[in-house]
Amino acid sequence: MTALFYLSRGTRLALYRNRILASGELLQSFKLDRYRVVVSGLVLSNQLAVCPFTTLAYRPVYSCQRFSQIRGFVTGRSETKASSEFEQQGKEELNCKMLPVKPFERLPKTVVPVHYDITIKPDLVKLVFEGHESVTLKVVEPVDQIILNSLELELENIRIVDEAGQETNISKVVLDVENEKAIFKLDSVLQPGQYHLKLGFKGAIIDKLKGFYCSKYLSADGEERYSGVTQFEPTDARRAFPCWDEPAVKATFDITLVVPKDRVALCNMPVVSELPYEADPNLHVVKFDRTPIMSTYLVAYVVGEFDYVEERSADGVLVRCYTPVGKKEQGRFGLYVAAKVLPYYKEYFGVEYPLPKMDLVAVADFAAGAMENWGLVTYRETCLLVDDQNTSTQRRQWVAIVVGHELAHQWFGNLVTMEWWTHLWLNEGYATFVESLCVDHLFPEFKIWTQFVTDTSTPALDLDSLKNSHPIEVPIGHPEEIDEIFDDISYHKGAAIIRMLHNYIGDDDFRRGMKLYLTRHKYGNTFTEDLWAALSEASKKPVGSIMSGWTKQMGFPVIRVSARQEADKRILQLSQQRFLADGTKDENNTMWMVPIEIATSRSPTTPSKSFVLEGETAEVVLDDIRPDEWFKMNPGQVGFYRTCYEPELLKHLVSAIDHQTLPPLDRLGLLDDLFALVQAGHSSTVEALTLLEAFANEDQYTVWNRVCSALSKLSHLLAYTEHHELLKSFGRQLLGGMTRKLGWESKPDEEHLTKLLRSLLLGRMAMFDDPEVIAEAERRFQLHIKGEEQIPADFRSTVYKAVLRTGSRSKYEDLLRIYREASLHEEKDRVASALGTIKNEEILKEVLAFAMSNEVRSQDTVFVISSVASSKLGRDLAWNYFKDNWDLFNERFKGAFLLVRLVKSLTENFASEEKAIEIENFFKEHHCVGTERTVQQSVESVRLNAAWLGRDAEAVGIYLTSKTNAAAVE
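Keep in mind the model is a prediction, meaning the values are calculated, not measured.

> What exactly am I supposed to notice about the overall build of the protein chain here?
A tally of regular secondary structure across the protein chain gives 27 helices and 36 strands. Across the 970 residues that make up the protein chain, the buried fraction comes to 62%. The contacts of the protein chain with a sequence gap of at least 6 include a subset with a gap of at least 24, amounting to 72%. Surface accessibility of the protein chain: about 36200 Å² in total, with carbon and sulfur atoms responsible for 49%.

> For this particular structure, what's the right way to read the pattern of salt bridges?
Where charged atoms from two side chains of opposite charge come close, those side chains can pair. For the structure shown, the criterion picks out 67 salt bridges. Note that R706 and D672 form a salt bridge whose closest N and O atoms lie 2.3 Å from each other. Of this pair, R706 sits in helix α14 (residues 701–718) while D672 sits in helix α12 (residues 664–679), and the two are 34 residues apart along the sequence. Take R706: its relative accessible area is 11%, and that puts it in the buried class. Linking R758 and E750 is a salt bridge whose minimum nitrogen-to-oxygen distance equals 2.6 Å. There is no split in this pair, since R758 and E750 are both buried.

> Can you help me understand the sheet that holds strand β35 (residues 631–633) in this one?
Within a beta sheet, neighbouring strands are joined by backbone hydrogen bonds and run either parallel or antiparallel to one another. One open sheet accounts for three strands, arranged β33-β32-β35; its pairing is antiparallel. Since the sheet does not close on itself, it has two edges, and those belong to β33 (609–613) and β35, each with one partner. The average angle at which neighbouring strand axes cross in this sheet is 25°, direction not considered. Sheet analysis places strand β32 (residues 594–600) next to β35, joined by three bridges and oriented antiparallel. Paired with I598 across the strands is M633, a residue of β35.

> Looking at this model, I keep getting lost on the packing of helix α21 (residues 841–851) against helix α23 (residues 872–884). Mind explaining?
When two helices pack together, you describe them by how their axes are tilted relative to each other and by the distance separating the axes. Running from amino to carboxyl end, α21 crosses α23 at an angle of 40°, the nearest separation of the two axes being 10 Å. As far as their axial angle goes, α23 and α21 are oblique. In this structure, α21 crosses over α23, and the sense of that crossing is right-handed. The segment α21 lies against α23, with E841, L844, K845, L848 and A849 engaging L873, G874, L877, A878 and Y881. Per-class residue counts for the contact of α21 with α23 are seven nonpolar, one polar and two charged.

> Even after reading the chapter, I still don't get the UniProt feature "site: Transition state stabilizer" (unreviewed entry) in the protein chain, so can you show me in this structure?
When the UniProt feature table is mapped onto this chain, "site: Transition state stabilizer" (unreviewed entry) is found at Y491. Here Y491 is to be found in helix α7 (residues 489–505). Residue Y491 is classed as partly exposed on the basis of its relative accessible area, which comes to 23%. Among all residues touching Y491, those that are not within four sequence positions of it are H405, E428, G429, T432 and F486. Only 3.4 Å separates the side chain of Y491 from the side chain of E428, close enough to count as a polar contact.

Procedures and definitions
Residues numbered from 1 in each chain as written. Predicted model: local features only at pLDDT ≥ 70, side-chain atom pairs only at ≥ 80, totals over all residues. Heavy atoms only, no water. Helix = DSSP H or I, 4+ residues; strand = E, 2+ residues; numbered from the N terminus. Buried < 20%, exposed > 50% of the residue type's maximum accessible area, 1.4 Å probe, protein only. Contact = heavy atoms within 4.5 Å. Areas by Shrake-Rupley, 256 points an atom, 1.4 Å probe, with all protein chains shown as cover. Salt bridge = Lys/Arg side-chain N within 4 Å of Asp/Glu carboxyl O. Pairing = 2+ DSSP bridges. Axes fitted to C-alpha atoms, helices over the stretch in contact; angles between N-to-C directions. Parallel < 35°, antiparallel > 145°, perpendicular 65-115°, else oblique. Left-handed = near helix turned anticlockwise from the far one by under 90°. Nonpolar A, V, L, I, M, F, W, Y, C, P; charged D, E, K, R; others polar. UniProt positions renumbered as here; feature names shortened; annotations may be inferred. Polar contact = N/O pair within 3.5 Å; in protein donor to acceptor, adjacent residues only side chain to side chain.

What follows is the structure, encoded as structure tokens:
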């Protein structure tokens, strides 16, 4: 990869003065002209050494963010920086942590595709496919070779033909497997102009959930059959047909499928013709309309047996929801959401959906939740299908969110696409933010923005407080690196900072900016700076200046607050510094431009002060506020930062929690910030537990969600001490009152969030081994398995987990039978996630073996094992099982992000230095492609857990003992 630094003249001179070195030779791979410096490499030290990627053995994981100061890094956008400032910052040591990675170069731009004409003929019995394609090429400058992407394909009959029909001989074909490329060496030089690359190819329909893969299902008569499904994001179109498999290399596509007559064939565009296949009367040739110009990772086709329901949206788009045969009624809810979302986005963005149809397809085997292929969105069954009798309230909400997310991509990602994976967040962060906009519009009763903080902002803050986090914009090279950034930073931090920006510039200017961005760049590719430019133009605010630090720098600030009273004024002293989970000081003194809002007790939901904190400190005056009145930073938790109040200020806010004069999201935020400060060692766990007691009468789902998350984290930690049972007792006391108040029976016209709250509290009380909850769960379970009274879907997961807490083999066998008989995948998921809660070691070993058996689809194996790893006993068993069966796991999941999830869930909740070293050593000896960053994050988390216990375990034990004794007296 060639990094482009667009710098001022002063900056270029600064680079010269610091002597740019490349592999020991002055100015190798370095070019200077009037407008730009082109460097093949990375800035690594105080000498600004530049290492060409062709020899580079490592890539950065930023522990400092000096690239944020070098505007335009891997952006190709012109921004200037005062030379004196750059020179000073350039002299600072970068202190970057490094990860091993393969050398990588992007495809040359000397030859680019304009149009693909592709025919695919799959054999869904032998699980192979063959095809041929004609690619219209534009040769930009003279070349003697053509390089494109191809992986695990057999190529044949390769020809290069010009517009006059003249053929150029290909002297040699080189298949570069390591770099996933095919190189066609030519006998003569191709001059600039238009040509046609024609070739045939063959491949296997693999079972790895990527490329063109197979998905197993049973026919109506019980026969085992396979569908053919594609999953090309990020870089797996090359497994299905030779192509220029980079997001910026867009083209149009004509796709034809030769498939059995009794199978449904779907593609991005509508069918334009169906003709007999002369060589086999059982097949037919299905030709699809030409696509708009698009990236290869968005191409999709599916072949299988499906039913469907359909509806035409208000703006005339034909929407269909394809389901497994016999389940079309389960597609109604997803269809409803999709048909409403398309016109909503059209109105909100001011840009039409450009395709004539939208298909949603439920797929039995699918690695992710869904994939936004243009016009043909594929989903896990659990992310699209809704059974009115057996789908929980939580799952129904999740389906609405996922559909909203994937359809947002039809604009953000498909119509306008990031230039390279470095800017993935432009797709995922925006879609994660926008999904909440549309769900709030369609289902205001969900109060989705109140859930945004716990489900989106908090996970991002937790991950981004690690030293082994990464910036939103990560320089990406080899495809192996890409899967690791499909994480809480790209999705959730991206969405959280967009929410902060939306709040800062206002909805009207945000919408104008979005329309400008989409219309200016439609069918093209963008960098983050293009988005900032459009929003700046629409809002007349310095969006780029404020937001660049949030995307190019790792981490976020903690705002420390002190105050003094002068008459009827409160003078606040604010300071910012990077928040680190281990409590250390950021050596690089990283700063952000932070949009700040402050509310007071007189108007808790309306900010009384709004401004941008541009430096390290600021003094702020609040007028007309009495000494006994409180103020709250970051009302509604819109800002992406944490707040640390001096003790006296915190007391006022705790009192406001007691009296519930502090709004729910601010109650939640106060607790969330305090627990983060506890982990960092800036506050004590006892102080946090004391604060938790103030929530005993809380009635809001989102607040309880965060309370339960805090208790769950403490449970993981205290399981390594003798205080675990004391914490369970504390939890039962804290949650008991509200649990009893809500009971087990839902009420007519009950609010959506009340239903979620009941499920949450009952589930947590079961994990705290509450005898009343477990007894009621066992009663309901017996009625359920006898067929006398079905457990409501909202409680089924809680009941399954509760009845397994006794470790009974008979209950385990009952749940396995439910799993095997279930046709609804959601029900299988419920059982799978419950199996790990059993306390019997021998049965837990059986669960691990069951997870890897043919009874569990590969997509679900990870989640069964993760459920085992949720307890101290199970964690050790699961980790040892993973190590003992490493070759099997590596073969099944190598290069898949499911492996990243598994590594994280297996390791991050250990709590000793010995385990941290063990994990490090294991992955040093067993290279796990695409998990390097996750391993570092998990090891860091393990050490944080160990430090937390070392500081506070004894004091927590004393506190919990006193609470248990006091309860016994009462």
